[in-house]
Amino acid sequence: MIEIRDAKKAFGKNEVLKGVSLKVDTGDVVVILGPSGSGKTTLLRCLNFLERADAGTLIIGDEEVNLHKPSRKQILSVRRKTAFVFQNYGLFNNKTALQNITEGLIVARKVPKAEAIKKAEEVLEWVGLLDKRDYYPSQLSGGQQQRIGIARAVALDPEVILFDEPTSALDPELVGEILEVIKNIAKKGITMVVVTHEMNFAKDVASKVIFMDEGVVVEEGTSDEIFLAPKEERTRQFLKRIIPPEYII
């Protein structure tokens, strides 16, 4: 489905990605863990060309793209195959919940308006917010806004959804509802790459866990391999600092 080869990115003298390579198979739920500043979010943003990598190759389906010098056509093609869920929701404040979802369908995907509205209503019902279809973001809680953001991503029928710490901006009591929505997406077999600090979610849902630190992939494996028997000392140090006590290795 997706392969990243030797992705590199620096901001000035700060090398954020130092040659990251990974594969994501169709139907995978890949969770990327790591301390702040390890390059997780930058990697995700480079995959969707929200940041321009300095080097590297992206293979998505049968298409191979130079991450540093993609053509406009290639960028549009990749964005049609992917959807991005932002940690700060990324909603249009001047549009209703329904309009936030139909905008991308109508403008980017050229879906007829009536069809876009029908699709938006379906995904709003799926995330339990059909009754909020005419509400603006300022009238919604953080958890509701993030559910709208997720519904918007699902409505696009992407090949893969990229989640950038989707619960980090939420109050603790709202985290569970968002993780439950993401778990339901996983049950649909939709390919996902999720940057998160939610260890229980990663352990329960991930088909593959990747641990990054200082711009490199330190270790990757199944959730059991990473959480129960990590091979690298750096991985063990990280997990012992943040993992719930019942999972301490």
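Below is a summary of the structure that appears in this document.

Parameters and conventions
Residues numbered from 1 in each chain as written. Predicted model: local features only at pLDDT ≥ 70, side-chain atom pairs only at ≥ 80, totals over all residues. Heavy atoms only, no water. 1 Å grid on protein atoms, 1.4 Å probe; cavity = no way out; pocket = protein on both sides within 12 Å on 5 of 7 lines; lining within 4 Å. Points joined across faces, edges and corners; volume = space filled by probe spheres on them. Helix = DSSP H or I, 4+ residues; strand = E, 2+ residues; numbered from the N terminus. Nonpolar A, V, L, I, M, F, W, Y, C, P; charged D, E, K, R; others polar. Salt bridge = Lys/Arg side-chain N within 4 Å of Asp/Glu carboxyl O. Pairing = 2+ DSSP bridges. Axes fitted to C-alpha atoms, helices over the stretch in contact; angles between N-to-C directions. Buried < 20%, exposed > 50% of the residue type's maximum accessible area, 1.4 Å probe, protein only. Phe/Tyr/Trp six-rings, centres within 6.5 Å; stacked < 30°, edge-to-face > 60°. Lys NZ or Arg CZ within 6 Å of the ring centre and 35° of its normal.

## Regarding the layout of surface pockets
One number sums up the size of the largest pocket: a volume of about 650 Å³. When contributions to the lining of the largest pocket are tallied by element, the ones reaching two or more residues are α2 (72–81), β6 (82–85), α3 (97–108) and α5 (142–155). In the lining of the largest pocket, the residues fall into 12 nonpolar, six polar and five charged.

## Quick notes on empty space enclosed by the protein
Across all of its chains, the model carries one cavity of 30 Å³ or more by this definition. As a volume, the largest cavity reaches approximately 40 Å³. In terms of lining residues, the largest cavity is bounded by I2, L47, L58, I60, V78, T82, V160 and L162. Looking at the lining of the largest cavity, the elements with two or more residues in it are β4 (55–60) and β7 (160–164). Split by residue class, the lining of the largest cavity holds seven nonpolar, one polar and no charged.

## A short note on the pattern of salt bridges
Taken as a whole and assessed by the stated rule, the structure comprises 12 salt bridges. Taking the shortest distance from any N to any O, the salt bridge between E121 and R133 comes out at 2.3 Å. Here the residue E121 occupies a position in helix α4 (residues 113–126), and R133 occupies one in the loop between α4 and α5, the gap between them amounting to 12 residues. In the salt-bridge network here, residues are joined through shared partners; they are E121, R133 and D134.

## Re the sheet that holds strand β3 (residues 29–33)
Strand order in the open sheet formed by six strands is β6-β7-β8-β3-β9-β10, and the pairing between neighbours is mixed. Each edge of the open sheet carries a strand with a single partner, namely β6 and β10 (216–221). Between one strand axis and the next, the sheet turns through 20 degrees on average, direction left out of account.

## A short note on the pairing of β6
Every second residue of β6 is oriented toward a common face, with T82 and F84 on one face and A83 and V85 on the other, all of them buried. The pairing of β6 with β7 spans four bridges and is parallel. The partner of F84 across the bridge, within β7, is L162.

## Description of the packing of aromatic side chains
Tallying each qualifying case throughout the model produces two aromatic pairs. Aromatic pair F84 and F86: ring centres 4.6 Å apart, planes at 40 degrees, arrangement tilted. Of the residues examined, F84 reaches a relative accessible area of 8% and is grouped as buried. By relative accessible area, F86 is classed as partly exposed at 24%. A ring pair is formed by F211 and F238, whose centres lie 4.9 Å apart and whose planes are at 35 degrees; its orientation type is tilted. In this pair, F211 is assigned in strand β9 (residues 208–213) and F238 in helix α9 (residues 233–242), connecting sequence segments 27 residues apart. By the burial criterion, F211 is buried, and F238 matches it. Looking at K9, its charged tip hangs above the ring of F11, at a distance of 4.9 Å from the centre.

What is shown is where atoms sit, not what they do.
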